[in-house]
Amino acid sequence: MNKIPTLKIGELEAKIPIIQGGMSVGISLSGLASAVANEGGIGVIGAAGIGMFEADFDTNEKEANKRALKKEIRKARKMTKGIIGVNIMVALSDFNELLITAIQEGIDIVFMGAGLPLNLPKLSLEKIKTKFAPIVSSARAAKTIFNYWSKHYNHIPDALVVEGPLAGGHLGFKKEQINDPKYSLEKILPEVISTIKPFEQKFRKQIPVIAAGGIYTGKDIYKFIKMGASGVQMATRFVATHECDADIKFKEAYIKCKKEDLIIIDSPVGLPGRAIKSEFLEKVSNGFKKPIKCLWKCLKTCDFRKAPYCIAHALTNAKKGILSEGFAFAGANAYRIEKITSVKELIESLLKEYQEAF
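Calculation notes
- Residues numbered from 1 in each chain as written.
- Predicted model: local features only at pLDDT ≥ 70, side-chain atom pairs only at ≥ 80, totals over all residues.
- Heavy atoms only, no water.
- Buried < 20%, exposed > 50% of the residue type's maximum accessible area, 1.4 Å probe, protein only.
- Helix = DSSP H or I, 4+ residues; strand = E, 2+ residues; numbered from the N terminus.
- Pairing = 2+ DSSP bridges.
- Phe/Tyr/Trp six-rings, centres within 6.5 Å; stacked < 30°, edge-to-face > 60°.
- Axes fitted to C-alpha atoms, helices over the stretch in contact; angles between N-to-C directions.
- Parallel < 35°, antiparallel > 145°, perpendicular 65-115°, else oblique.
- Left-handed = near helix turned anticlockwise from the far one by under 90°.
- Contact = heavy atoms within 4.5 Å.
- Nonpolar A, V, L, I, M, F, W, Y, C, P; charged D, E, K, R; others polar.
- Core = buried A, V, L, I, M, F, W, Y, C linked by side-chain atoms within 4.5 Å.
- Salt bridge = Lys/Arg side-chain N within 4 Å of Asp/Glu carboxyl O.
- Arc of directions from axis to C-beta.
- Polar contact = N/O pair within 3.5 Å; in protein donor to acceptor, adjacent residues only side chain to side chain.

1. What about the pairing of strand β13 (residues 272-276)?
The element β13 is largely enclosed, with a buried count of five among its five residues. Burial of β13 is two-sided: the residues Pro272, Arg274 and Ile276 facing one way and the residues Gly273 and Ala275 facing the other way are all buried. Note that strand β9 (residues 169-170) and β13 share two bridges and pair antiparallel. In the sheet register, Gly169 faces β13, and the bridge partner there is Arg274. As defined by bridge partners, strand β12 (residues 262-266) adjoins β13 across five bridges and the pair is classed as antiparallel. Along β13, the bridge assignment pairs Ile263 with Ala275. Taking the residues that link successive antiparallel strands as the turn, the β12-β13 hairpin has five residues, and the phi of Gly270 there is positive, at about 95°.

2. Section: the packing of aromatic side chains
Going through the model one piece at a time under the given rule, you end up with 13 aromatic pairs. Taking 5.7 Å as the distance between ring centres and 85° as the angle between the ring planes, the aromatic pair formed by Trp149 and Tyr153 counts as edge-to-face. Taken together, the residues span about one helical turn, with Trp149 and Tyr153 both in helix α4 (residues 139-153) at a distance of four residues. Tyr153 gets classed as partly exposed once you look at its relative accessible area, which sits at 21%.

3. Some words on the packing of helix α2 (residues 61-79) against helix α3 (residues 95-104)
Contact pair α2 / α3: the axes reach a minimum separation of 10 Å and the direction vectors enclose 25°. With respect to their mutual orientation, α2 and α3 come out roughly parallel. Considering how the two elements wind past one another, α2 and α3 form a crossing that is right-handed. Touching Lys62, Asn65, Lys66, Leu69, Lys70 and Ile73 of α2 are Glu97, Leu98, Thr101 and Ala102, all from α3. The residue makeup of the contact of α2 with α3, split by class, is four nonpolar, two polar and four charged.

4. A look at the packing of α4 against helix α5 (residues 185-203)
The interhelical angle for the contact between α4 and α5, taken along N-to-C directions, is 15°, at an axis separation of 8 Å. By the criterion of interaxial angle, the relationship of α4 to α5 is roughly parallel. Judged by the sense of rotation from one axis to the other, the crossing of α4 with α5 is right-handed. Along the contact surface, α4 presents Ala139, Ala142, Lys143, Phe146, Asn147 and Ser150, while α5 presents Glu191, Val192, Thr195, Ile196, Phe199, Lys202 and Phe203. Class assignment for the residues of the contact of α4 with α5 results in seven nonpolar, three polar and three charged.

5. Notes on unusual backbone geometry
Backbone geometry at Asn154 places phi at a positive 50°, although glycine is not the residue there. Tracing the sequence through the fold places Asn154 in the loop between α4 and β8 (160-163). Residue classification places Asn154 among the exposed positions, given a relative accessible area of 56%. At Arg204, a position not held by glycine, the phi torsion is positive, near 50°. Note that Arg204 resides in the loop between α5 and β10 (209-212). The class for Arg204 is exposed, based on a relative accessible area of 79%.

6. Let's talk about the side chain of Glu54
Among the structural elements, Glu54 can be located in the loop between β4 (42-46) and α2. Residue contacts for Glu54: discarding those within four places in its chain leaves Ala64, Arg67, Ala68 and Lys71.

7. Some details on the nonpolar core
Counting residues in hydrophobic clusters, the biggest one holds 110 residues, and the most contacted among them are Ile45, Ile221, Phe238 and Phe327. Counting 16 residues, the second largest nonpolar core, distinct from the first, contains Ile9, Ala133, Ile135 and Ala212.

8. Quick look at the pattern of salt bridges
Per the counting criterion, the structure on display carries 18 salt bridges. The salt bridge involving Glu11 is made with Lys131; its shortest N-O contact spans 3.1 Å. Taken together, the residues span a long stretch of sequence, with Glu11 in the loop between β1 (7-9) and β2 (12-14) and Lys131 in strand β7 (residues 131-136) at a distance of 120 residues. Residue class for Lys131 comes out buried when judged on its relative accessible area of 7%. Residues participating in the shared-partner salt-bridge network are Glu54, Asp56, Arg67 and Lys71.

9. Some words on helix α8 (residues 248-256)
Buried within α8 we find Phe250, Lys251, Ala253 and Tyr254. Down the axis of α8, the buried side of the element spans an arc of 145°, and every buried residue falls inside it. Tucked into the core, α8 has its buried residues touching α7 (236-239), β13 and α10 (311-319). A side-chain oxygen of the first residue of α8 lies 2.8 Å from the backbone nitrogen of Lys249; this N-cap is Asp247.

This is the structure we're talking about:
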């Protein structure tokens, strides 16, 4: 029997090459991340909006987020000896503070998406144990990051996640590119792999490239590993698990949705996003506006004066199961999910499908 390969990122080694995508605003916290790590994958805590349940969140959001991130990392560490990561959006106003907090807490790996992580806070990258993995949607973005890090830090990222247009949440593509085969994951993955080859040679370091966006079965995992990926990142599949940190109503939205319910929305952040059709989103598309009192600008790219609603509030409501006042982001294959399962059962079924494909 041919075993699925392990995933090596520097001296970190995950027994299975599956990274659970970091879903922010409370969807993947210590519960889900530790369950995935216990099965040999890499569990990831989503850092954006993590302080939502702290008492001072509305008055002191930066401190609330830092405090909550520390708590979740420590809780995860108590529940697993496996590999734990944090996903931090570059577009966050407190990106630097959250990055430093995660490093101080000894997090194994930081995934950085929704923007190019170029100007990092002053860190001695080569002395830090934490690994860095930017998330990109094109070879051009990968080259920009690697050139910049090489020139300014004399260091390069430890891994790279390539996210195709079938992912859930905010997408790094223009609306017209989402269904264009030229921008499919199958097309961009080999381009990214060849783009970073010269940097691997220059720094004498292997950079695992991880495929993400729309990966659903063990057969998909096999396909992308055969194409040269060192592993995959999956988020949507992990929502409908008992261990996922979202409310049951959020998980049920995935189980109930049909293919036509998965829509592309214009997010107030200025990016297209894939979400499940909801009463709230229908109201927004019909011109509904909810006045925004922005206590602090949580996202660098959000113009709250023009935004029809506050995305942070909408996503927080969804996490709590109040979907009449919010919505759930989801990947293109969310409609295929039929039931809530455990992380253990999900990973066992993925490994079985991988073997069958092999």
